[in-house]
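A look at the structure
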Amino acid sequence: MPSAWIVFTGSCDAGLPERCLALLKRAGVSVSAAPSDEPGTLGVVVFGACDEELLTLLRRHGDGAMLLAICVGADPLSSAAQWTLIESGARDVLQWPALPATADEISARLQHWFRVDALVDSPAVASCLVGTSPAWRRSMRSVIEATVSTSSSVLITGESGTGKELIARLIHDLDPRRDKGEFVVVDCTTLSPELSGSEFFGHERGAFTGAVGAREGAFALAHKGTLFLDEVGELPPELQARLLRAVQERQYKRVGSNTWQRSDLRLVSATHRDLERGIADGSFRADFYYRIAGWQCRTLPLRERKDDVLPLARHFMRELLSPTGGPDVEPTIDPAVCEFLVARDYPGNVRDLRQLVTRICHRHCGGGVITVGDIAPEDRAVPGASPLWPDNSFRAAIRAAVQLGIGMKDISQRATELAVEMALECEGGNLQRAAARLGVTDRALQIRRASQRAPA
Ligand SMILES: Nc1ncnc2c1ncn2[C@@H]1O[C@H](COP(=O)(O)OP(=O)(O)OP(=O)(O)O)[C@@H](O)[C@H]1O
Ligand SMILES: [Mg+2]
């Protein structure tokens, strides 16, 4: 059983911590008192009231640690308060108006989260999918939960170059089935309506002109394995209709045959399109969508996980500069190059970064530090033309708020709150240094924090 840290906050009964700890001990959970936000740690936060102190604690630790919030107040938490706890960093919320007989529901949750996080950090995942940002970790947890907890179909959505295919392959690699079959890719952008039946289901000899021999289709080849429908958003509606039964029942007939065949496969699909919008405008069938989207994962664009730019760049440099292709070269990057890499926009996401790094490595010679001269003139930013701030991701966030109809006051208030939160994070919670970083007085920062009111 993994161990967890525990914190009691708000107006808890005097004897409650002792009784809670006894309960946890009986459930096999070993606890420590020192909160930590190390990635992969487990935390239990027992609280009497949903106040600012609690939310600050969750925000401080929830990015790295997996937090279970337990309300021991007599009044039930409103649904708004529960969502605020989740948004602030809790992974789940339990309500204990009276102490239950066992803490098994806690130990089950902690064990499950621990297993999932251990897989996120395992070499099988970390060696091919690079990322260290909290946002990346959250999306990997969701992929891994989908893979190990269910056999349902998975739909991966995300912009081009964000790693959808890598994730589909990972889902196959982590699939715990014994005598696993193959990973079979069907690229839906290249299917011709005439030959798609044969492509998916195979055909009998002589089934149509040119069918000189029998052939297996993707459903047969993916038996006991994974069928990956890449760019599923490009599949014309008539082909979606043809696939409905096969996807639902895992049964199909070869073209030219009357016999039903079975294929026990996991279906994974990927698209950069918004399929729900496709349903609304009639280009995508709702019945097909619900069959392919048993579980959904969204790959994040690089602008939403800028912390991953340098780890990814280092990963690609190691691959490119290492003579054996192994991780035996640890690249040293000049700070000016690091700054350039982080500040740049990546419309093509990780693929874009990979190509840029490839160009840098090709120009680099003589070993040693990667320097600004290794950046090709075409890649260099024109001085003054692309200020570090506000960058395009900032503009995109404001545009989204404006499109959602959020008012000016709310936008500035939320931006200020986030700036305070992030400055405190950067300065390890030190209020004076955070105030200096933001160019305000300590007192102004204190007042600002006090005015950020907790929900009822
Ligand atoms: N997290 C990651 N770690 C390492 N490499 C990555 C990661 N994400 C993407 N890549 C690399 O970026 C490139 C694009 O990845 P992939 O083909 O999986 O993206 P995609 O979302 O399927 O793109 P598209 O929509 O254009 O098909 C590949 O070279 C892949 O190796
Ligand atoms: Mg792809």
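Residues numbered from 1 in each chain as written. Chains lettered and ligands numbered in written order. Predicted model: local features only at pLDDT ≥ 70, side-chain atom pairs only at ≥ 80, totals over all residues. Heavy atoms only, no water.

1. Overview of helix 3 (residues 79-88)
This is how it is decided: Partly exposed residues are those whose accessible area sits between 20% and 50% of the maximum for their type, while under 20% is buried and over 50% is exposed, using a 1.4 Å probe and protein chains only. Here a strand is any run of E in DSSP of at least two residues, a helix any run of H or I of at least four, and the numbering for each starts at the N terminus. Think of it as the arc spanned by the lines of direction from the helix axis to the C-beta atoms. When checking whether two residues touch, look at their non-hydrogen atoms; a contact exists if any pair is within 4.5 Å.
Taken together, the buried positions of helix 3 are occupied by A81, L85 and S88. Within helix 3, the buried residues cover an arc of 70 degrees as seen down the axis, which keeps them to one side. Exposed side chains of helix 3 directed beyond 90 degrees from the buried face belong to S79, W83 and E87. Elements in contact with the buried residues of helix 3: strand 3 (42-47), helix 2 (52-62) and strand 5 (90-95). In the segment just after helix 3, G89 is the residue with positive phi, at about 135 degrees.

2. Structural notes on the sheet that holds strand 3
How we decide: Two strands are counted as paired when DSSP detects at least two bridges linking them. Think of each axis as a best-fit line through the C-alpha atoms, taken over the contacting stretch in the case of a helix, with angles from 0 to 180 degrees between the N-to-C directions.
Reading across the sheet, the 5 strands line up as 2-1-3-4-5 and stay open at both edges, with parallel pairing between neighbours. Unpaired on one side and paired on the other, strand 2 (30-32) and strand 5 mark the two borders of the sheet. Pairs of neighbouring strands in the sheet enclose a mean axial angle of 30 degrees, with direction left out of account. Looking at chain direction, strand 1 (residues 3-9) and strand 3 are connected through 6 bridges and run parallel. Each residue of the ladder has a partner; that of A4, found in strand 3, is L42. Here helix 1 (residues 16-26) sits on the sheet in contact with strand 1, strand 2 and strand 3, set at roughly 160 degrees to strand 1.

3. Remarks on the sheet that holds strand 8 (residues 226-230)
Across the sheet, 5 strands lie side by side as 7-8-11-6-12; this open sheet has parallel pairing. One side of each edge strand has no neighbouring strand; the edge strands of this open sheet are strand 7 (183-187) and strand 12 (295-298). Across the sheet, the mean angle from the axis of one strand to that of its neighbour is 20 degrees, orientation sign disregarded. Where strand 7 and strand 8 come together, 5 bridges link them in parallel fashion.

4. Quick word on unusual backbone geometry
Phi is positive for R250, which is not a glycine, with a value near 60 degrees. You can see R250 is positioned in the loop between helix 10 (237-249) and strand 9 (251-253). A relative accessible area of 15% means that R250 is categorised as buried. Despite not being glycine, N349 has its phi angle at roughly 55 degrees, a positive value.

5. With respect to the pattern of salt bridges
For the record, the criterion: The rule for a salt bridge is simple: a side-chain nitrogen of Lys or Arg has to be within 4 Å of a carboxyl oxygen of Asp or Glu.
This model, assessed by the stated rule, comprises 25 salt bridges. Among the ionic pairs, D117 bridges to R141, the shortest N-O distance being 2.6 Å. With D117 in helix 4 (residues 104-120) and R141 in helix 6 (residues 134-149), this residue pair connects regions lying 24 residues apart in the sequence. You'll find D117 and R141 in the same group, each marked buried. Shared partners join several salt bridges into a network, and the residues in it are D117, D121, R137 and R141.

6. A look at helix 1
Along an α-helix, a turn takes 3.6 residues, which lines up residues three or four apart on a common side. Every buried residue of helix 1 is listed here: L16, C20, L23 and L24. Considered in projection along helix 1, the buried side chains sweep an arc of 95 degrees and stay on one side of the axis. Projecting away from the buried face of helix 1 at angles above 90 degrees are the exposed residues E18, K25 and R26. Next to the buried residues of helix 1 lie strand 1, strand 2, strand 3 and helix 4. One or two residues past the end of helix 1 sits G28, with phi positive at roughly 85 degrees.

7. A few points about the site of ligand 1
Definition in use: Residues are counted as near a molecule or strand when any one of their heavy atoms sits within 4 Å of it. The definition of a polar contact used here is a pair of N or O atoms within 3.5 Å, where within protein one atom must be able to donate a hydrogen and the other to accept one, and adjacent residues in sequence count solely through side-chain atom pairs. Three classes are used, and their members are as follows: Ala, Val, Leu, Ile, Met, Phe, Trp, Tyr, Cys and Pro are nonpolar, Asp, Glu, Lys and Arg are charged, and the others, Gly among them, are polar.
By nearness alone, 18 residues border ligand 1, and V130, S160, G161, K164 and R351 come closest of all. In this structure, a nitrogen atom belonging to ligand 1 sits 2.9 Å away from a main-chain N or O atom of V130. Interatomic distance of 2.8 Å between a side-chain N/O atom of R351 and an oxygen atom of ligand 1. Every element with two or more residues in the shell around ligand 1 is listed here: helix 7 (164-174), helix 13 (309-321) and helix 15 (349-363). Here the shell around ligand 1 is composed, by residue class, of 8 nonpolar, 4 polar and 6 charged.

8. Topic: the environment of A124
As for its position among the elements, A124 is in helix 5 (residues 123-126). Taking relative accessible area as the criterion, A124 reaches 47% and is therefore assigned partly exposed. In this structure, A124 is in contact with L170 and L174, ignoring residues within four places of it in sequence.

9. Some details on the environment of P237
Following the sequence through the fold, P237 ends up in helix 10. For P237, a relative accessible area of 35% puts it in the partly exposed group. Distance from P237 to M408, taken between C-alpha atoms, is 42 Å for residues 171 residues apart in sequence.

10. Notes on the nonpolar core
Rule in force here: We define a nonpolar core as any set of buried Ala, Val, Leu, Ile, Met, Phe, Trp, Tyr and Cys residues linked to one another through side-chain atoms lying within 4.5 Å.
By size, the foremost hydrophobic cluster in this structure holds 29 residues, and its most contacted members are F200, F219, L227, L229, V232, L235 and F288. Within the second largest apolar cluster, 22 residues are counted, among which are V130, A313, C338 and V357.

11. Section: the pairing of strand 6 (residues 154-157)
Of the two faces of strand 6, both are covered, the one formed by V154 and I156 as well as the one formed by L155 and T157. Inspection of the sheet shows strand 6 paired to strand 11 (residues 266-271) by 4 bridges, in the parallel sense. What sits directly across from V154, in strand 11, is V268.

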